[in-house]
Protein chains: 4
Amino acid sequence: MSWFDTSIMARKGVAKGQAGARHHISIEDQGTFHYVYGPYADPVLEVEPGAVLTVETHDAFEGKIGKESDKPTEILNFPYLNPQTGPVFVKGAEKGDALAVRIISIKPRGPQPVGTTCLIPEFGGLVATGDTAMLNPPLPEKVKKIKVDEDGVYWSDSLTLPYEPFIGTIGTAPEIEAISSLQPDYYGGNMDVPDVKPDSIIYLPVNKEGGYLYLGDCHAIQGDGELCGVALEMPATVELQVDLIKGHGNGWPQLESEHAMGFIGSARPMEDAARIAYRELVRWLAAETGQSEEEAYMLLTMCGKVRVGNMVDPKYSLGASIEKRFVK
Amino acid sequence: MSWFDTSIMARKGVAKGQAGARHHISIEDQGTFHYVYGPYADPVLEVEPGAVLTVETHDAFEGKIGKESDKPTEILNFPYLNPQTGPVFVKGAEKGDALAVRIISIKPRGPQPVGTTCLIPEFGGLVATGDTAMLNPPLPEKVKKIKVDEDGVYWSDSLTLPYEPFIGTIGTAPEIEAISSLQPDYYGGNMDVPDVKPDSIIYLPVNKEGGYLYLGDCHAIQGDGELCGVALEMPATVELQVDLIKGHGNGWPQLESEHAMGFIGSARPMEDAARIAYRELVRWLAAETGQSEEEAYMLLTMCGKVRVGNMVDPKYSLGASIEKRFVK
Amino acid sequence: MSWFDTSIMARKGVAKGQAGARHHISIEDQGTFHYVYGPYADPVLEVEPGAVLTVETHDAFEGKIGKESDKPTEILNFPYLNPQTGPVFVKGAEKGDALAVRIISIKPRGPQPVGTTCLIPEFGGLVATGDTAMLNPPLPEKVKKIKVDEDGVYWSDSLTLPYEPFIGTIGTAPEIEAISSLQPDYYGGNMDVPDVKPDSIIYLPVNKEGGYLYLGDCHAIQGDGELCGVALEMPATVELQVDLIKGHGNGWPQLESEHAMGFIGSARPMEDAARIAYRELVRWLAAETGQSEEEAYMLLTMCGKVRVGNMVDPKYSLGASIEKRFVK
Amino acid sequence: MSWFDTSIMARKGVAKGQAGARHHISIEDQGTFHYVYGPYADPVLEVEPGAVLTVETHDAFEGKIGKESDKPTEILNFPYLNPQTGPVFVKGAEKGDALAVRIISIKPRGPQPVGTTCLIPEFGGLVATGDTAMLNPPLPEKVKKIKVDEDGVYWSDSLTLPYEPFIGTIGTAPEIEAISSLQPDYYGGNMDVPDVKPDSIIYLPVNKEGGYLYLGDCHAIQGDGELCGVALEMPATVELQVDLIKGHGNGWPQLESEHAMGFIGSARPMEDAARIAYRELVRWLAAETGQSEEEAYMLLTMCGKVRVGNMVDPKYSLGASIEKRFVK
């Protein structure tokens, strides 16, 4: 028996965590990509709970940065950035439910060097930006193309980094808003939390009928905070299993893995992202164990864990979690 | 000669600041109101630059809070809040231009008591909210209905406040996003800056063809910061003159009055809103006077003025300005 | 009768607002200046409540920046910056009291050009700093020396700014801490709020016996936020009248003028400074008028005023106030 | 050979990482404890580089919270909180050097239940505080006493947490400031970063002759962020080895362990703490490997790690680190 059999998805999902019909969305199937998370797009696919999806995603630059001499400022056309595959309509999903998305695998896709990172002027965690506006001169722009396979990230002749893939951007549609795929928020989006990786399950709040699942922006590896604003971006093939939790009622993305349960908050300043994630966790822990909120709060001061996802996007994302062995 | 004749609007507007055709948008004309600033709605009206509009706006609660015993949490249906009139399509407006909107008058509209203010749980500047999430118990909700006319705001038997009306929410559509009318941003929106008042001109960035002017949320009076999250909300009749500045290129809303020129920034944390507004002002001042950015920066350290609009919305809004007499 | 006769100082001061003995502290009397607000220094003077002080202050650079070709980075010796006159021991002052300091006049002192402003690398509101650490290159350093008299600030041949002097740094000693005079906090310090000016009274919390009044850092003029980190700094002669309010119990500096009453909060991020100032004001207003805190909160959402003092110091300072005519 | 032999301490320390004379500071030896980090106290001990210290520390409440029915608000006497042992004068230490402090062991000391945690009104990460001032009612205060030994933390009958001790507060004296031991900053202090634990070395900037090492506030276990403001506080016996790195020149605390090298930044808002820590790490990495700052910045976007220490103290503390295997 795998831990998955005791997950919320397996216990409470409409499909009871059972794999259903398989679907494939290729780049060509998708055709037109999306740059906002919203309810105004037509679904690319309609599925039943339990569906297993194999999805091809573009990298965050839609593959336009092809070589190290390219200039991002000339190639990238804001706001047409971070193209998203989807939306996938999940039958039966209604406001107040959650989509459960089990991430099965993430593989790089396309010719080498498949990985791209870069410095973009006025973007990143250690430079002045449009939001944290300053008069300092920008850093020079710079592109780095890097070979990636499932064995490693070949950073330089002397340094190979581990392949630790995850989905940078995944979420559902807001009810009436359509928000840039560069932004994370209560519905998911561009959270850039490295824990959203194979062998984990993310529970995304449903805000409108069908949920409208979008995803994209896979990373081969990323440090905490996505420091320069860009991880190791790659086109990918992602395998997912989607289920539906009726009336789950989570206000923010919930993340489950074999050993931990957590929530992801997105806000500025960063402490507000931490507060959101931890308040959700306090409430979940209290409900799960029958403790009072004050008791759960005191237990988390002992053993809560925080992961910084991004400190560069329009909102910063942090995950707060607790090890399952402490949930009793 | 009025100061208006030397304004940017009069000097650079397509209509040269001349009043053109008159249009009226009543509540009935509008029919369906909007709760997002976006490009996905159909224009309610199409006008030439120079058009003079008389617009009826709902209050931020769409008139649903009728008496002091009403409970906002039972009546208000998030996200269907802060209903906006519009969008108005301005012919010739293209990305990179600015809509110039001269505010002529703002009058309360409807039966007394026409003004509403309230305390809404988890909303406001001095309470825990969904963004600044805490475990403290909320304050009790509370509604206050107040008589307002053009002579005053009748707060209590012993205290009459001045009638100082302004437009809380006004802006253009983003290019591809549709963002809650509760939020302010680079396109305007729910800035809640009291200087957006009669005898001023706001220059709003155009992000898509036609500009798509929206407005609503008039306030009879408001303190700096809109402290409890709600000002004195009122349904209103607003008179505006709209012009078009080709290629104006402002990244954020610019505000001109007889004696001052400024910009409005919206961000969290609050210092980022101030930085945005001041950086825009530094750049404008340098371009206008031929000073270097460093010189403009040093002059503003002497005589820049800051006004806190809101400290309660999804982004906080601050205006930074300079008196025109110091611009030389 | 002047408004002063109805001030808190005149009504509740130990000296009932009556002018007492006159004292003078010259640069020579002071001898050694202080770079921290703390209890570890010996008082330069001991006075009775009611004392009228004429105090000579250095400019924030201790007069070391003498000409426009000087390089601040070579001349300034951190942390020996912003020299303070004092401490003055006020007899009878105990923890929980407040020193009332009426500002009578501020005059520039010394040979022209008496005013200094400058750009200091890694310091200022629109540049990367040690606190908001970035990798961008700094702006070039730059010094500007400016003639100032009581009629004006002679910025350039074509631009004379008004002379609007105030005290940038004033406060009492913390109980056990000694904190850089570059920082503002609950005891006052480097608030840089332009309303701390002639014909106003500041009430400073007493944290230890004698209160230990320090001051320095006068400015000939300053915009909101002290944008580049430095105002128009000048050596000055300041005339003050000092009284003592027993058991006043204010947690933060309170500021009274003819028409307004307010509080100054200092914190990061900026919204926390606004929250502090407004919470103090809510509590004062409720106590003063017998309203509930909720009612005071709602009234301030109508008519509270916020002034941004500094957005450059280790904590940002904002004042929140209400016009006295609305306090009933 | 242990990793320690290749540490900065062993390679660059005046004592070359060799253990020197042993010293003991008991509670009685210390006598008077300190509540500020500053240069105004007399050293309790003077040592040569290489000294091995066994230090008894109080818990953060100086042992005054003895039972679960105690009320912190009645017992605790602000600002006399978080008592510190020291200062220890290290011979030869001068401004610009670093003290290297190798943490050898941390053991609980005293009668059971030796651990204390509590909820203190207006203090903590998920409640309104004096800094993030709100009008919401506070949570009730609450005390929990917990048995702790080197095998575990006996949270409840059904839940034993691991014993993961670390030093919550450790640092050197500022040059002229004396700052509350509740605050972390560039000199260390109340960082509450759980990585400051046995088998790690912290390099603390020296700001004045002798360095003036203080420490206290040991925790038996703590989650990321120290969520409710208090960890599991315990009196402890700490064994340390102290060395001196001449001219090390780090601006902020540097932390070395077997597998990682990092820096700790402390600031508000939280992103500024992350920026400080990461900027220090970028500069160190560039200097260590000969890469440019831009290259180091891009490498850290791939593999930098962030740990949230506290989100409750006057400044928030975050550590940023890189695994040593990636430093080439």
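What you see as residue numbers is a count from 1 along each chain, following the sequence as written. Numbering of ligands from 1 and lettering of chains from A proceed in the order in which they are written. Where totals are concerned, whole chains, interfaces and linings use all residues; where local detail is concerned, this predicted model gives features only for residues with pLDDT of at least 70, and gives and counts side-chain atom pairs only at 80 or more. Values reported for side chains reflect all heavy atoms of the structure, with hydrogen atoms and water molecules removed beforehand.

Chemist: Give me the lowdown on the relation of the copies chain A and chain D, citing residues and values where you can.
Modeler: Here two copies of a chain appear, and what relates them is a rotation about an axis with a shift along it. Alignment of the copies relies on least squares applied to C-alpha atoms, considering only residues that score at least 70 for pLDDT in both. The two copies are related by a screw operation: chain A maps onto chain D through 180° of rotation and 0.0 Å of translation along the axis, at an RMSD of 0.0 Å. Both chain copies can therefore be described as sitting about a two-fold axis. Of the C-alpha atoms belonging to chain A, the one lying closest to the rotation axis is found on methionine 270 of chain A, 2.7 Å away. Residues are treated as being in contact if the distance between any of their heavy atoms lies within 4.5 Å. Both copies share a contact surface, since 100% of the interface residues of chain A are interface residues in chain D too.

Chemist: Can you lay out the pattern of salt bridges for me, pointing to particular residues and giving the numbers?
Modeler: Pairing is possible between side chains of opposite charge, provided their charged atoms come close. By salt bridge we mean one thing: a side-chain nitrogen of Lys or Arg within 4 Å of a carboxyl oxygen of Asp or Glu. On inspection of all chains with the given rule, the structure shows 60 salt bridges over all chains. In this structure, the salt-bridge partner of glutamate 175 of chain C is lysine 95 of chain C, at a minimum N-O distance of 2.6 Å. Linking glutamate 175 of chain C in the loop between strand 11 (166-171) and strand 12 (179-180) with lysine 95 of chain C in the loop between strand 5 (85-90) and strand 6 (98-108), this pair joins segments that are 80 residues apart in sequence. Where glutamate 239 of chain D meets arginine 22 of chain D, a salt bridge forms, and the shortest distance between an N and an O atom there is 2.6 Å. Taken together, the residues glutamate 239 of chain D in strand 17 (residues 236-245) and arginine 22 of chain D in strand 1 (residues 22-25) connect sequence positions 217 residues apart. Residue classification places arginine 22 of chain D among the exposed positions, given a relative accessible area of 55%. Among the charged side chains, a network of salt bridges with common partners joins Glu94, Asp97 and Lys246 of chain A. Secondary structure elements are defined from DSSP: runs of H or I of at least 4 residues count as helices, runs of E of at least 2 residues count as strands, and each element is numbered from the N terminus. Residue burial is assigned from relative accessible area. The probe radius is 1.4 Å, only protein chains are included, and a residue is buried under 20% of its type maximum, exposed over 50%, and partly exposed in between.

Chemist: Could you give an account of helix 5 (residues 293-303) of chain C, naming the residues involved and the relevant values?
Modeler: Side chains that are three or four residues apart share a direction in an α-helix, a result of its 3.6 residues per turn. Burial within helix 5 of chain C is extensive, with eight of its 11 residues counted as buried. Taken as a whole, helix 5 of chain C has its buried residues at Ala296, Tyr297, Met298, Leu299, Leu300, Thr301, Met302 and Cys303 of chain C. Buried residues belonging to helix 5 of chain C abut strand 7 (115-119), strand 8 (142-149) and strand 10 (160-161) of chain B together with helix 4 (270-289), strand 20 (305-310) and strand 21 (316-323) of chain C.

Chemist: Go over the interface of chain A and chain D with me, naming the residues and quoting the values.
Modeler: Opposite the 59 residues of chain A that make contact, chain D presents 59 residues. Each of two parts loses accessible area, computed with a 1.4 Å probe, when they are put together; buried area is these two losses added. Of the roughly 4,900 Å² buried between chain A and chain D, counting both surfaces, carbon and sulfur atoms make up 68%. For the chain A face of the interface with chain D, the top three residues by lost area are Tyr297, Met298 and Met302 of chain A, together amounting to 17%. Where chain A packs against chain D, one counts zero salt bridges. Contacts described as polar in this section are N or O atom pairs within 3.5 Å, which, within protein, must combine one atom able to donate a hydrogen with one able to accept it, while residues neighboring in sequence count only if both atoms come from side chains. Linking chain A with chain D are 26 residue pairs in polar contact (both at pLDDT 80 or more), by the criterion used here.

Chemist: Describe the interface of chain C and chain A, listing the residues and the values that go with them.
Modeler: Counting residues at the interface gives 13 residues for chain C, matched by 13 residues for chain A. Carbon and sulfur atoms supply 64% of the area that chain C and chain A bury against each other, a total of about 1,200 Å² over both sides. Counting the surface chain C buries against chain A, the share from its top three residues, Leu126, Met134 and Asn136 of chain C, is 43%. Between the two partners, chain C and chain A, sit zero salt bridges. Where chain C touches chain A, the interface holds six residue pairs in polar contact (both at pLDDT 80 or more). Residue polarity follows a fixed list, in which Ala, Val, Leu, Ile, Met, Phe, Trp, Tyr, Cys and Pro are nonpolar, Asp, Glu, Lys and Arg are charged, and the others, Gly among them, are polar. Of the residues in the side of chain C that touches chain A, the class split is 10 nonpolar, two polar and one charged.

Chemist: Now, about the packing of aromatic side chains: what can you tell me, with residues and values included?
Modeler: Only Phe, Tyr and Trp rings are paired, with Trp represented by its six-membered ring, and only when their centres lie within 6.5 Å; those with planes under 30 degrees apart are stacked, over 60 edge-to-face, the remainder tilted. Applying the stated criterion to the full structure yields 30 aromatic pairs over all chains. With a centroid separation of 4.6 Å and 15° between ring planes, the pair formed by tyrosine 40 of chain C and tyrosine 40 of chain D is classed as stacked. Remark: tyrosine 40 of chain D occurs in the loop between strand 2 (36-37) and strand 3 (45-47) and tyrosine 40 of chain C occurs in the loop between strand 2 (36-37) and strand 3 (45-47); the pair is interchain, linking two chains. Chaining the aromatic ring pairs together yields one cluster made of Tyr37, Tyr186, Tyr187, Tyr214 and Trp252 of chain A. Comment: the charge-over-ring label is applied if NZ (Lys) or CZ (Arg) is within 6 Å of the ring centre and within 35 degrees of the ring normal. The ring of tyrosine 212 of chain A carries the charged tip of lysine 208 of chain A above its face, separated from the ring centre by 3.9 Å. Over the face of the ring belonging to tryptophan 155 of chain C we find lysine 144 of chain C, whose NZ or CZ atom lies 4.7 Å from the ring centre.

Chemist: Account for the packing of helix 4 (residues 270-289) of chain D against helix 5 (residues 293-303) of chain D, with residues named and values stated.
Modeler: Residues and elements named next belong to chain D. Packing of helix 4 against helix 5 brings their axes to within 8 Å, and their N-to-C directions diverge by 120°. Overall, the two elements helix 4 and helix 5 adopt an arrangement that is oblique. Considering only the axes of helix 4 and helix 5, their crossing is right-handed. Contact residues: helix 4 offers Tyr278, Leu281, Val282, Arg283, Leu285 and Ala286, while helix 5 offers Glu293, Ala296, Tyr297, Leu299 and Leu300. Partitioned by chemical class, the residues of the contact of helix 4 with helix 5 number nine nonpolar, no polar and two charged. Axes, fitted as lines to C-alpha atoms, cover a helix only where it is in contact. Angles between the N-to-C directions of the axes lie from 0 to 180 degrees. Note that the term roughly parallel is reserved for angles under 35 degrees, roughly antiparallel for angles over 145, roughly perpendicular for angles of 65 to 115, and oblique for everything else. Should the near helix be turned counterclockwise from the far one by less than a right angle, the crossing is left-handed, whereas a clockwise turn marks it as right-handed.

Chemist: Quick rundown of the nonpolar core? Include the residues and the values.
Modeler: By nonpolar core is meant a set of buried Ala, Val, Leu, Ile, Met, Phe, Trp, Tyr and Cys residues that side-chain atoms within 4.5 Å join together. Within the largest apolar cluster, 202 residues are counted, with the highest numbers of intra-cluster contacts made by Leu161, Ile167, Ile170 and Ile322 of chain B together with Leu161, Ile167 and Ile170 of chain C. Other than its neighbours up to four places away in sequence, isoleucine 170 of chain C contacts Tyr37, Val101, Tyr187, Gly188, Gly189, Met191, Val196, Ile202, Leu204, Leu213, Tyr214 and Leu215 of chain C. By size, the runner-up hydrophobic cluster in this structure holds 201 residues, among which are Tyr203 and Ile221 of chain A together with Val55 and Val312 of chain D.

Chemist: Please give an account of the pairing of strand 8 (residues 142-149) of chain C that cites residues and values.
Modeler: All names here are of chain C. The pairing criterion for strands is at least two bridges between them, as found by DSSP. In the sheet, strand 7 (residues 115-119) pairs with strand 8 via five bridges, with the strands oriented antiparallel. Each residue of the ladder has a partner; that of glycine 115, found in strand 8, is isoleucine 146. Across three bridges, the pairing between strand 8 and strand 9 (residues 152-154) is antiparallel. Note on strand 9: the bridge partner recorded for aspartate 149 is glycine 152. Between the end of strand 8 and the start of strand 9, which pair antiparallel, lie two residues.

Chemist: So what's going on with the packing of helix 4 (residues 270-289) of chain B against helix 4 of chain C? Residues and values would help.
Modeler: Helix packing for two helices is described by the angle between their axes and how far apart those axes are. In the contact formed by helix 4 of chain B and helix 4 of chain C, the axes pass within 6 Å of each other and the chain directions differ by 115°. As summarised for this structure, helix 4 of chain B and helix 4 of chain C are arranged roughly perpendicular, according to the angle between their axes. Residues Met270, Glu271 and Ala274 of chain B of helix 4 of chain B lie in contact with helix 4 of chain C, whose contacting residues are Met270, Glu271 and Ala274 of chain C. Taken together, the residues of the contact of helix 4 of chain B with helix 4 of chain C sort by class into four nonpolar, no polar and two charged.

Chemist: Run through the sheet that holds strand 14 (residues 188-189) of chain D, naming residues and quoting values.
Modeler: Residue and element names in this part refer to chain D. Strand order across the open sheet formed by six strands is 3-5-16-11-14-13, with mixed pairing between neighbours. The sheet is open, and its two edges are formed by strand 3 and strand 13 (184-185), each paired on a single side. Note that strand 11 (residues 166-171) and strand 14 share two bridges and pair antiparallel. Directly across from isoleucine 170, in strand 14, lies its bridge partner glycine 189.

Chemist: So, unusual backbone geometry: which residues are in play, and what are the values?
Modeler: That bond from glutamine 112 of chain A to proline 113 of chain A is cis: its omega, -5°, falls within 30 degrees of zero. Non-glycine residue glutamate 62 of chain A carries a positive phi angle of around 55°. Assignment of secondary structure puts glutamate 62 of chain A in the loop between strand 4 (52-57) and helix 3 (72-75). Positive phi values are uncommon outside glycine, yet aspartate 192 of chain D reaches one of about 55°.

Chemist: Tell me about the side chain of aspartate 70 of chain A, and name the residues and values.
Modeler: Residue and element names in this part refer to chain A. Summarising the element assignment, aspartate 70 is placed in the loop between strand 4 and helix 3. Within the local environment of aspartate 70, its side chain forms a polar contact with the backbone nitrogen of glycine 66, the two atoms lying 2.7 Å apart. A polar contact is formed between the side chain of aspartate 70 and the side chain of lysine 67, at a distance of 2.8 Å. With residues up to four places along the chain from it excluded, the contact list for aspartate 70 reads Lys64, Ile65, Ile75 and Val143.

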